[in-house]
Amino acid sequence: MLDKIKNLTAEIEALTASSTDEVEQLRIKYLSKKGIVSLLFNDFRTVPAEQKREVGQKLNQLKTLATEKINALREQVAAAGESAEAEKIDLTRTATPCAEGSRHPLSLVRNEMIDIFSRMGFTIAEGPEVEDDWHVFSSLNFAADHPARDMQDTFFISRNPVDVLLRTHTSSVQTRTMERLTPPIRIVCPGRVYRNEAISARAHCFFHQIEGLYIDKDVSFADLKQALLYFARQMFGPETKIRLRPSYFPFTEPSAEMDISCNLCGGKGCGFCKHTGWVEILGCGMVDPNVLEACGIDSKVYTGYAFGMGVERITNLKYQVKDLRMFSENDVRFLAEFDAAH
Ligand code: PHE
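Residues numbered from 1 in each chain as written. Predicted model: local features only at pLDDT ≥ 70, side-chain atom pairs only at ≥ 80, totals over all residues. Heavy atoms only, no water.

**Description of the packing of helix H2 (residues 20–31) against helix H3 (residues 36–43)**
Going by this rule: To obtain an axis, a line is fitted to C-alpha atoms, over the contacting stretch when the element is a helix, and the angle between two such axes runs from 0 to 180 degrees between their N-to-C directions. Numbering of helices and strands starts at the N terminus; helices are DSSP runs of H or I of at least 4 residues and strands are runs of E of at least 2. If an angle is under 35 degrees, it is roughly parallel; if it is over 145, roughly antiparallel; if it lies from 65 to 115, roughly perpendicular; otherwise it is oblique. We call two residues contacting when some pair of their heavy atoms lies within 4.5 Å. All amino acids are sorted into three groups, where Ala, Val, Leu, Ile, Met, Phe, Trp, Tyr, Cys and Pro are nonpolar, Asp, Glu, Lys and Arg are charged, and the leftover types, Gly among them, are polar.
Axis separation between H2 and H3 bottoms out at 4 Å; the angle between their running directions is 5°. When the interaxial angle is binned, H2 and H3 end up roughly parallel. Contact with H2, carried on its side by Lys-29, Tyr-30 and Leu-31, involves Ile-36, Val-37 and Ser-38 of H3 and no other residues of that element. The residue makeup of the contact of H2 with H3, split by class, is four nonpolar, one polar and one charged.

Right, dumping it as structure tokens:
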């Protein structure tokens, strides 16, 4: 009997199985009512009384071993099955379909504008939206009684002890850069600007600008015109013509406004260009010597040009957005229209 138990112990310890069915067969073979281990218990009656204690103990141990072994095999087979199942799942698949966003039209156009100027050697400069009077007005040669200094036109945050305001143009970044660097300086300043306007289809209290500044020895008006012609043709196509009309800005002298041939009718005249064939896109001029001196640059050695334009305006010309308010309403149907644009 003891030998039998010993052999069975070895046999059970060596058991293996590769499926739940096989495990079940083993359970029936060893542990069911007519199983090998159960039958040994029947033989227990025939064991001599003096061996009953030892044999009883061994028998119980054998039964525990068989039960534990079969449970262990069952778990093993189940775990293997799970990992095989897991391998069939594609973990890289998106759980639920999710729509991709698109870039805002103003970002698309701003990036395109910056790209064009960076091909001409301009780098990007940025500055704060909350500014002081010096950087937005005084350093740029604005007269003390200029209307832009009025609450009607500019958002003031405080007027005491100093004027703190929301910048009305990114020319303030040009001032900051001139104060910091020595020429040559060749920068474009993209950013948001604020003006105290009633909101309508044609005006908003904030919009976006890109202004440019180039200062070096011997920079001329011809250089300005050439740079702007290059920009206009890159942005609106190689057939585009430009026209400069005399104008006035406190910080440039001489100053001009630039029109491009209407990109809708090709210059023939249409409702969009009010039948003139031209649409205005920017202001520009030679930096006033007063501005250079205010920023610590010797105006006898250096000259420079500056220009500034609205990103919304350029975007409207490119995509004919009729209402300025659409740019800030975040209507995804409007934004999605630009998905395919780039
Ligand atoms: N700062 C001007 C504006 O906001 C644009 C401009 C920039 C004009 C540089 C001339 C030179 O309207």
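After that view of the structure, there is still more to cover.
**Considering the state of the cysteines**
Defined simply, a disulfide is a covalent bond joining two cysteines at their sulfur atoms. Stated formally: Note on terminology: disulfide denotes any pair of cysteine sulfur atoms within 2.5 Å. Each residue is assigned to one of three classes by its accessible area relative to the maximum for its type, calculated with a 1.4 Å probe on protein chains only: buried under 20%, partly exposed between the two thresholds, exposed over 50%.
Summed over the entire model, instances satisfying the criterion amount to zero disulfides. The closest cysteine sulfur to the non-disulfide-bonded Cys-265 is located on Cys-262, 3.7 Å from its own sulfur. Its relative accessible area of 12% is what places Cys-265 among the buried residues.

**Quick notes on the sheet that holds strand S2 (residues 130–132)**
In sheet architecture, strand pairing relies on hydrogen bonds along the backbone and comes in two forms, parallel and antiparallel. Cut-off, in case you're wondering: Pairing between strands is defined by DSSP: at least two bridges between the two strands are required.
Strand order in this open sheet of three strands is S2-S4-S3, and the pairing throughout is antiparallel. Each of the sheet's edge strands pairs with one partner strand only, and the pair in question is S2 and strand S3 (156–158). Sheet twist, expressed as the mean angle between neighbouring strand axes with direction ignored, is 35°. The pairing of S3 with strand S4 (residues 164–166) spans two bridges and is classified as antiparallel.

**As for the sheet that holds strand S6 (residues 206–216)**
What the seven strands build is an open sheet, ordered S1-S5-S6-S10-S9-S8-S7; its pairing is mixed. This sheet does not close on itself; its edge strands, each paired only once, are strand S1 (123–124) and strand S7 (242–249). As judged from the four bridges shared by strand S9 (residues 278–287) and strand S10 (residues 303–310), these two strands associate in the antiparallel manner. From the neighbouring strand, Gly-283 faces S10, where its bridge partner is Gly-308. Most of the contacts of helix H5 (residues 105–119) go to S6, to which it runs at about 5°, and overall it touches S1, strand S5 (185–194), S6 and S10.

**A few points about the site of the ligand**
Counted only if it meets this: One heavy atom within 4 Å of a molecule or strand makes the whole residue count as near it. Whenever two N or O atoms come within 3.5 Å, that pair is a polar contact, provided that in protein one can donate a hydrogen and the other can accept it, and provided that, for residues adjacent in sequence, both atoms are side-chain atoms. Each accessible area is a Shrake-Rupley estimate made with a 1.4 Å probe; only the visible protein chains count as cover when residues are assessed.
Not every one of the 13 residues close to the ligand is listed here, only the nearest: His-169, Ser-171, Arg-195, Gln-209 and Glu-211. Note that an oxygen atom of the ligand is positioned 2.8 Å from one of the side-chain N or O atoms of Gln-209. Calculation on the ligand without its partners gives an accessible area of 320 Å², and the protein chains cover 89% of this total. Of all elements in the fold, only S6, S9 and S10 reach the threshold of two or more residues within the shell around the ligand. Counting residues per element, the shell around the ligand draws most heavily on S10, at three residues. For the shell around the ligand, the class distribution of residues is five nonpolar, six polar and two charged.

**What to know about the pattern of salt bridges**
Basically, it comes down to this: In the sections that follow, a salt bridge refers to a side-chain nitrogen of Lys or Arg positioned within 4 Å of a carboxyl oxygen of Asp or Glu.
Applying the stated criterion to the full structure yields twelve salt bridges. Residues Glu-131 and Arg-176 are paired through a salt bridge, measuring 2.7 Å at the closest nitrogen-oxygen approach. Placement of the pair is Glu-131 in strand S2 and Arg-176 in helix H7 (residues 171–180), with a sequence separation of 45 residues. With relative accessibility at 3%, the residue Glu-131 sits in the buried group. Its relative accessible area of 29% is what places Arg-176 among the partly exposed residues. We note a salt bridge from Arg-149 to Asp-133, for which the minimum N-O separation is 2.8 Å. Residue Arg-149 is located in the loop between helix H6 (133–136) and S3, and its partner Asp-133 is located in helix H6; the two are separated by 16 residues in the primary sequence. Grouping residues by exposure puts Arg-149 and Asp-133 together as buried.

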